[in-house]
Amino acid sequence: MRDHVPTTPSVSLRSGAGTLDVRGPGLPHVRLVRAPGTEPDPHIPIGTRDPALLTLTVDGRPARISPAKGRLSRRSYRVDARVGDARYRLVPCGGEESRLLRDGRRLGELESSGNGRVTADWDGDAKVLAQDVAVGTALAAAFGTGARPLWETTLDAVTELIP
């Protein structure tokens, strides 16, 4: 990684318990927690896309998280977060990868299949900060990345209806 990206994060995802921690030397600690006692959705690594059931903190300070519902279109799988004055958006840009934006500027592409492992390809022209790495990694690990195109999802639904 380039010198302005401090380290590769360590991700601890406990889907059943509904907790996710991202840490690393030089990185802020990001913690995402699903409300206790809620039934997890097995298709979502953190267990829910309901913002009312999620608590996000960055270095112990509260932050806002707003995952979209995750329906048919790729855009419906976006996840927004507000950390201090920074606005983050993780939005699918392919079948397996999602683009991370800070305040509307592209930082890079991340990939995670929902197993807690995240790979990142940071944009060489962007100034990627420690908080960007930690928050982006947490969003990708908690919700997975990528989404199938609408036409493919629709075609699958139609073929399921044909006997």
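Please refer to the structure higher up on the page.
Residues numbered from 1 in each chain as written. Predicted model: local features only at pLDDT ≥ 70, side-chain atom pairs only at ≥ 80, totals over all residues. Heavy atoms only, no water.

S.K.: Got a sec to walk through the side chain of serine 98? Specific residues and values, please.
M.R.: Structurally, the position occupied by serine 98 is in strand 8 (residues 97-102). Assessed through its relative accessible area of 2%, serine 98 is described here as buried. (Helix = DSSP H or I, 4+ residues; strand = E, 2+ residues; numbered from the N terminus. Buried < 20%, exposed > 50% of the residue type's maximum accessible area, 1.4 Å probe, protein only.)

S.K.: Lay out the nonpolar core with the relevant residues and their values.
M.R.: Most often, soluble globular proteins keep nonpolar side chains buried together rather than apart. Membership of the largest hydrophobic core comes to 35 residues, with the highest contact counts inside it found for Leu32, Ile46, Tyr88 and Phe143. Those elements giving two or more residues to this core turn out to be strand 2 (19-23), strand 3 (30-34), strand 4 (54-58), strand 5 (61-67), strand 6 (79-83), strand 7 (86-92), strand 9 (105-111) and helix 1 (130-143). Looking at this core element by element, the count peaks at 10 residues for helix 1. Setting aside chain neighbours within four positions, we find isoleucine 46 in contact with Leu13, Ser15, Gly18, Thr19, Leu20, Leu32, Arg34, Leu54, Ala142 and Phe143. (Core = buried A, V, L, I, M, F, W, Y, C linked by side-chain atoms within 4.5 Å. Contact = heavy atoms within 4.5 Å.)

S.K.: I'd like a rundown of helix 1, residues and numbers included.
M.R.: If you check helix 1, its first and last C-alpha atoms are 20 Å apart, about what 14 residues at 1.5 Å a residue would give, namely 20 Å. A large share of helix 1 lies buried, amounting to 13 of its 14 residues. Glycine 144 sits one or two positions beyond helix 1 and adopts a positive phi of about 75°. (Expected span 1.5 Å × (residues − 1).)

S.K.: Can you explain the environment of alanine 134? Please cite residues and give values.
M.R.: You can see alanine 134 is positioned in helix 1. When sequence neighbours within four positions are dropped, the list of residues in contact with alanine 134 reads Val22, Leu27, Pro28 and Val30.

S.K.: Got a sec to walk through unusual backbone geometry? Specific residues and values, please.
M.R.: One non-glycine residue, aspartate 59, lies in the positive phi region at around 55°. Among the secondary structure elements, aspartate 59 is positioned in the loop between strand 4 and strand 5. Taking the relative accessible area as the measure of exposure, aspartate 59 reaches 45% and is therefore partly exposed. You will see that aspartate 103, though not glycine, has its phi angle at about 50°, which is positive. Among the secondary structure elements, aspartate 103 is positioned in the loop between strand 8 and strand 9. For aspartate 103, a relative accessible area of 32% translates into the label partly exposed.

S.K.: Give me the lowdown on the sheet that holds strand 9, citing residues and values where you can.
M.R.: In space, the 10 strands of this open sheet follow the order 1-2-3-4-5-6-7-8-9-10, with antiparallel pairing throughout. Looking at which strands have only one partner, the edges of the open sheet turn out to be strand 1 (10-14) and strand 10 (119-122). Geometrically, the sheet is characterised by an average inter-axis angle of 20° between neighbouring strands, direction not taken into account. By the bridge criterion, three bridges tie strand 4 to strand 5 in an arrangement that is antiparallel. Each residue of the ladder has a partner; that of valine 58, found in strand 5, is arginine 61. (Pairing = 2+ DSSP bridges. Axes fitted to C-alpha atoms, helices over the stretch in contact; angles between N-to-C directions.)

S.K.: Which residues make up the pattern of salt bridges, and what values go with them?
M.R.: Where charged atoms of side chains with opposite charge meet at close range, the side chains can pair. Summed over the entire model, instances satisfying the criterion amount to seven salt bridges. Across the salt bridge formed by aspartate 132 and arginine 102, the nearest N and O atoms sit 2.3 Å from each other. Here aspartate 132, found in helix 1, pairs with arginine 102, found in strand 8; they are 30 residues apart in sequence, far enough to count as distant. Residue arginine 106 pairs with glutamate 109 through a salt bridge whose shortest N-O separation is 3.5 Å. In the salt-bridge network here, residues are joined through shared partners; they are Arg78, Asp80 and Arg89. (Salt bridge = Lys/Arg side-chain N within 4 Å of Asp/Glu carboxyl O.)

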